[in-house]
Amino acid sequence: MTAATFARIDAARDDLIALTQDLIRIPTLNPPGHAYLEICEYLDHRLRGAGFETRMIRATGTPGDSDRYPRWNIVARREGARGGPCVHFNSHHDVVAVGEGWTHDPFTAPLIDGRIYGRGACDMKGGLAASIIAAEAFIAACPDWQGAVEISATADEESGGYGGVAYLAEQGHYAHVDHVIIPEPLHKDRICLGHRGGWWAEIETKGEIAHGSMPFLGDCAVRHMGAVLAEFEDKLFPAMARRRTDMPVVPEGARSSTMNINAIHGGQPEQDADFTGLPAHNVPDRCRIQIDRRYLAEESYDSVRGEVEALLDGLKTSRPKFDYTLDEINHVAPSMTDRDAPVVTTVHKAIEEVLGRAPDYVASPGTYDQKHIDRIGKLQNCIAYGPGVLELAHKPDEWVGVDDMIDSAKVMAHALHQLLGPPASD
Ligand SMILES: [Zn+2]
């Protein structure tokens, strides 16, 4: 039975290419959230044509949602001949900014030597297209299947997923779902079990403004922030580097705790490039940094936040006039699906059957929409699996390989056979 499905996937090669190109040609840039309605309408047409029932869902009131940039999502569902479990493929339809350094146009999607180039090619319109081809081929080759297949394309994953999967999860959408596969570009032979946690915060040091010629009459907030950064360098960074996780995070460097200083600002605002005046001379009374702390399953939110606060409170006692505020911007807990969860063992077997080798297990250094399915949707049977090279995501000349999309579509279809195929069909 899977042989007939695989033959249909091979025969759909041109369709797969055209579908991927069409999706890339709709420039769903986030920010600001461009053309979300257009891509959902395109998918609505495609999936209704394939026998799916569709729902267009606007995440009204979520961050960035406006009449100009509405946060549109689509969920398509097709029921089998009998009742049974629901397998849900979730892809985000938004893409990040183009940036510099492209040698191909990012939104015409040329096919060159078996690769389709463009912004979103691997992250993750190639994965979305592969999941659609896989579902269509399975349904056509296996008329007696049971349960339901769902395909969703959701907004704003690149900015936290609050207008996408988080919104669907809050509406209870994952209550009836049993298995979730997110076709992010993790390589066709790898299963991604989850991701590290993230904690984002803004720290401000306080000072007192004075004339720059008499800094002793004021209090320099930038020097206070220098003391904060010195504490981080001397204590926090070495401590984080020593911590190692059992999570199979790739790349290797992300198996430790990490922190990025996203931004720093103190003193007078920077002027526009065409400003020709000279600066006034002041002691800065405020300095701010943004930190991006990524943490491991073995750490807790309280310890991650607490160790930063402890360093800052230590400066309060050791450094005259030191004062600070700390404002949390966002927090995401780590998510890890068990290796013996049904969706994991199913896709494991599918990769063995299709590719002839056992998969590698990985976890992602950054978060993706699994966090919302886990925490809000209360479903711990979720993985990321899809075609494409993770390291190409967000880069210039991003591409996805057609052969990789075909192979991973076969893996997804094989998983559908295992989960929804008629009993003893093979
Ligand atoms: Zn992505």
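Definitions and limits used
- Residues numbered from 1 in each chain as written.
- Predicted model: local features only at pLDDT ≥ 70, side-chain atom pairs only at ≥ 80, totals over all residues.
- Helix = DSSP H or I, 4+ residues; strand = E, 2+ residues; numbered from the N terminus.
- Rg over C-alpha atoms; globule rule 2.2 N^0.38 Å.
- Buried ≥ 20, exposed ≤ 12 C-beta atoms within 10 Å, placed from the backbone.
- Core = buried A, V, L, I, M, F, W, Y, C linked by C-beta atoms within 7 Å.
- Domains from an automatic or database assignment.
- UniProt positions renumbered as here; feature names shortened; annotations may be inferred.
- Pairing = 2+ DSSP bridges.
- Axes fitted to C-alpha atoms, helices over the stretch in contact; angles between N-to-C directions.
- Contact = placed C-beta atoms within 7 Å.
- Parallel < 35°, antiparallel > 145°, perpendicular 65-115°, else oblique.
- Left-handed = near helix turned anticlockwise from the far one by under 90°.
- Nonpolar A, V, L, I, M, F, W, Y, C, P; charged D, E, K, R; others polar.

This paragraph deals with the overall build of the protein. Per the secondary structure count, the protein includes ten helices and 16 strands. Relative to its length of 426 residues, the protein is compact, with a C-alpha radius of gyration of 24 Å against a globular reference of 22 Å. Dimensions of the protein, computed from the C-alpha atoms along their principal axes, are close to 85 × 45 × 40 Å. Across the 426 residues that make up the protein, the buried fraction comes to 46%.

To continue, consider the nonpolar core. Membership of the largest hydrophobic core comes to 107 residues, with the highest contact counts inside it found for Ile133, Ala134, Val347, Ile383 and Leu416. When residues of this core are assigned to their parent elements, the largest contribution, 14 residues, is made by helix H4 (residues 121-141). Summarising the domain contributions, this core has at least three residues from each of domain 1 (2-195 + 334-420) and domain 2 (197-268 + 279-332).

Let us now look at the UniProt feature "domain: Peptidase M20 dimerisation" (unreviewed entry) in the protein. If you check UniProt for "domain: Peptidase M20 dimerisation" (unreviewed entry), the listed places come out as residues 194-313 in our numbering. End-to-end, the C-alpha atoms of residues 194-313 are 34 Å apart, and along that stretch the chain is 29% helix and 26% strand.

Turning our attention to the sheet that holds strand S12 (residues 324-332). The four strands are arranged S10-S11-S9-S12 in an open sheet whose pairing can be described as antiparallel. Looking at strand neighbours, the two that pair on one side only are strand S10 (258-266) and S12, the edges of this open sheet. Adjacent strand axes in the sheet meet at a mean angle of 15° when their direction is disregarded. Of the strands in this sheet, strand S9 (197-206), strand S11 (286-295) and S12 touch helix H7 (residues 301-318), which is tilted by about 165° from S12.

Excluding glycine, most residues fall at negative phi; most peptide bonds, likewise, are trans. The omega torsion of the bond from Pro31 to Pro32 falls at 10°, within 30 degrees of zero and hence cis. Positive phi values are uncommon outside glycine, yet His187 reaches one of about 85°. You can see His187 is positioned in strand S8 (residues 187-195). Assessed through the 20 C-beta atoms surrounding it within 10 Å, His187 is described here as buried. Look at Lys321: it is not a glycine, yet its phi comes out positive at around 65°.

With antiparallel pairing, the three strands of this open sheet are ordered in space as S4-S5-S16. In this open sheet, the two edge strands, each paired with only one partner strand, are strand S4 (111-112) and strand S16 (399-401). Where H4 meets the sheet, its contacts fall on strand S5 (115-117) and S16, and the angle it forms with S16 comes to roughly 40°. The sheet contacts of helix H10 (residues 402-420) involve S5 and S16, and relative to S16 the element is tilted by about 60°.

A few words now on the packing of helix H2 (residues 13-24) against H4. Packing of H2 against H4 brings their axes to within 9 Å, and their N-to-C directions diverge by 135°. The pairing of H2 with H4 is recorded here as oblique in orientation. For the pair H2 and H4, the sense of crossing is right-handed. For the pair H2 and H4, the contacting residues are Asp15, Leu16, Leu19, Thr20, Leu23 and Ile24 in the first and Ala121, Lys125, Gly126, Leu128, Ala129, Ile132 and Ile133 in the second. Along the lines of polarity and charge, the residues of the contact of H2 with H4 split into nine nonpolar, two polar and two charged.

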